[in-house]
Amino acid sequence: MRAYTTAHLAFDLPEGHPFPLYKYGGVAEALKGLLPILPAPEVPREALFMAHDPVYLERLFGEGLSRQEVLRLGLPFSPGLLRRALHAAGGTVAAAEDALTLGLGLNLAGGTHHAFPDRAEGYSLFNDVAVAVAWLRARGFVGRVLVVDLDAHQGNGTAVFFQNDPSVFTLSLHGERNYPLKKEQSDLDVGLPDGTEDTLYLRALEEALERAQAFRPALVFYNAGVDVLRGDRFGRLALSLEGVRQRDRAVFRWVRRLGAPLVVVMGGGYNRDPRLTVAAHAETYRLALSSLA
Ligand SMILES: [Zn+2]
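Everything in this summary refers to the structure shown in the same document. Owing to the predicted nature of the structure, the values given are computational and were not obtained by experimental measurement. (Residues numbered from 1 in each chain as written. Predicted model: local features only at pLDDT ≥ 70, side-chain atom pairs only at ≥ 80, totals over all residues. Heavy atoms only, no water.)

Here's the deal with the nonpolar core
For the record, the criterion: Here, nonpolar core means buried Ala, Val, Leu, Ile, Met, Phe, Trp, Tyr and Cys residues that are tied together by side-chain atoms lying within 4.5 Å of each other. Summary of the burial criterion: residues with accessible area below 20% of their type's maximum are buried, those above 50% are exposed, and those between are partly exposed, where the area comes from a 1.4 Å probe applied to protein chains only. In DSSP terms, a helix is any run of H or I states spanning at least four residues, a strand is any run of E spanning at least two, and both are numbered starting from the N terminus. Here a residue-residue contact requires only that any non-hydrogen atoms of the pair lie within 4.5 Å.
Formed by 101 residues in total, the largest nonpolar core has its most connected members in Leu 106, Leu 125, Phe 126, Tyr 201, Phe 221, Tyr 222 and Val 264. The greatest single-element share of this core, amounting to 11 residues, is contributed by helix α5 (residues 79-102). Leu 125 has contacts with His 52, Tyr 56, Leu 60, Leu 65, Leu 73, Phe 77, Leu 81, Leu 82, Ala 85, Ala 115 and Ala 120, leaving out every residue within four places of it along the chain.

Things to note about the layout of surface pockets
Put simply, the test is: Grid points spaced at 1 Å over the protein atoms alone were grouped into cavities, where a 1.4 Å probe fits but cannot get out, and pockets, open sets with protein on both sides within 12 Å along at least five of seven lines, with lining residues defined by an atom within 4 Å of a point. Grid points are joined across faces, edges and corners, and a volume is the space filled by probe spheres set on the points. For this classification, the nonpolar set comprises Ala, Val, Leu, Ile, Met, Phe, Trp, Tyr, Cys and Pro, the charged set comprises Asp, Glu, Lys and Arg, and every other residue, Gly included, is treated as polar.
In this model, the largest pocket occupies a volume close to 510 Å³. Around the largest pocket, the lining comprises 32 residues; the ones closest to its centre are Phe 19, Gly 122, Tyr 123, Ser 124 and Tyr 270. Only α1 (22-31) and α5 provide two or more residues apiece to the lining of the largest pocket. The element best represented in the lining of the largest pocket is α5, accounting for 5 residues. Space inside the second largest pocket adds up to approximately 210 Å³. Every residue along the wall of the second largest pocket is listed here: Leu 202, Leu 205, Glu 206, Leu 209, Glu 210, Gln 213, Gln 246, Arg 249, Ala 250, Arg 253, Trp 254 and Arg 257. Among the elements of the structure, α8 (198-213) and α9 (241-258) are those that each provide at least two residues to the lining of the second largest pocket. Here the residues of the lining of the second largest pocket sort into 5 nonpolar, 2 polar and 5 charged.

Some words on the coordination of the zinc ion
Selection criterion: Each metal's donors are the N, O and S atoms found within 2.8 Å of it, except that Na, K and Ca use a 3.2 Å limit; water is left out, so coordination can look incomplete. In this scheme the shape depends on donor count and angles: four donors with every angle between 85 and 135 degrees give tetrahedral, four or six donors with opposite pairs above 155 degrees and others between 65 and 115 give square planar or octahedral in turn, and any other case is irregular.
Every protein donor of the zinc ion is accounted for by Asp 151 (OD), Asp 151 (OD), His 153 (ND1) and Asp 227 (OD), and the metal-donor separations fall at 1.9 to 2.8 Å. Around the zinc ion sit 4 donor atoms, and with donor-metal-donor angles ranging over 53 to 152° the site reads as irregular. Written as a sequence motif, the donor arrangement for the zinc ion is D-x1-H-x73-D. A residue pair is termed long-range when its members are at least 10 positions apart, and His 153 in the loop between β4 (145-149) and α7 (156-161) and Asp 227 in the loop between β7 (219-223) and α9 qualify at 74 residues. A relative accessible area of 5% means that His 153 is categorised as buried.

A word on the pattern of salt bridges
This is how the line gets drawn: Basic side-chain nitrogens of Lys or Arg form a salt bridge, by our definition, when they fall within 4 Å of a carboxyl oxygen of Asp or Glu.
Inspection of the entire model under this criterion finds 16 salt bridges. Of the charged contacts in the structure, one is a salt bridge between Arg 249 and Glu 242, with a shortest N-O distance of 3.8 Å. For Arg 249, a relative accessible area of 31% translates into the label partly exposed.

Some points on the pairing of strand β6 (residues 188-192)
We count it as follows: Strands are labelled as partners when DSSP assigns at least two bridges between them.
Only one face of β6 is covered, namely the face carrying Leu 188, Val 190 and Leu 192; the face carrying Asp 189 and Gly 191 is uncovered. With 5 bridges connecting them, strand β5 (residues 168-175) and β6 associate as parallel partners. Counterpart to Gly 175 in the pairing with β6 is Leu 192.

A look at the side chain of Lys 23
Selection criterion: When charges are counted, Lys and Arg are positive and Asp and Glu negative, with His and the chain ends excluded. Identification of polar contacts relies on pairs of N or O atoms within 3.5 Å, with a donor-acceptor requirement for protein atoms, meaning one able to donate a hydrogen and the other able to accept it, and with residues adjacent in sequence counted only if both atoms are side-chain atoms.
Tracing the backbone through its elements, the reader meets Lys 23 in helix α1. No salt bridge is formed by the buried Lys 23. Its closest oppositely charged neighbour is Asp 151, at 7.0 Å. In terms of polar contacts, Lys 23 uses its side chain to reach the backbone carbonyl oxygen of Gly 267, at 3.1 Å. Look past the residues within four positions of Lys 23 in its chain and what remains in contact with it is Met 266, Gly 267, Gly 268, Gly 269, Thr 277, Val 278 and His 281.

Structure representation (structure tokens):
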């Protein structure tokens, strides 16, 4: 087992910007010694073109994003940002290949589920999961794919990527009043009220997994965003750290029973206490290893 990191790839952010660049290094550091942590490879350019609109990609690699697009992305566009996004998506592609060969693939980045086929949004330039699925398809993988998106925000981009693809089931469990204001339609959306705590959350998760079970996926992607924690700057749910542990355990137990390979991507996490964000993310990967490796 191994994990991929983008911790070595920083980019310029204005002072006080809420993007949590610190967490990528923090999580890699916290997992040191548990498994090999490799620099995420750059995503194959052709994989991007299999998933995303070529006009969008040409613009990204050429003139860059317009001011309006930058506003929607929420990050200043720079060569460093693009480079890091290429490796974050590459980490998910590599982790997906690991999942098919080793049973478990881990990317200590990715989960950029707000990227649409033809546009960037919400810190997401590339939809790494959609890119990885397109890549595996091109390499001959025909099995059904389930995306379990437990980030506090709806996986709106992912929903659109796969809305006409019956071979991919998208499940999003999120805060109903959280960004994005306008939700897209996943195969299964569960919108939770503000302030949802552990018990209600875990019950909703159990029901959702039960419904997804009928799809009988041959591969599962798990967006393990920890912005479900109480005290998140952008999330409106209120899970405890123990609640997040139970969430992850529930997913890993369910995947093990299913017998399907799993890819874990990081997703969001913007807690007012940065140590909590790092601790929660690191714990997800530790639990994945102890439950599935
Ligand atoms: Zn999120």
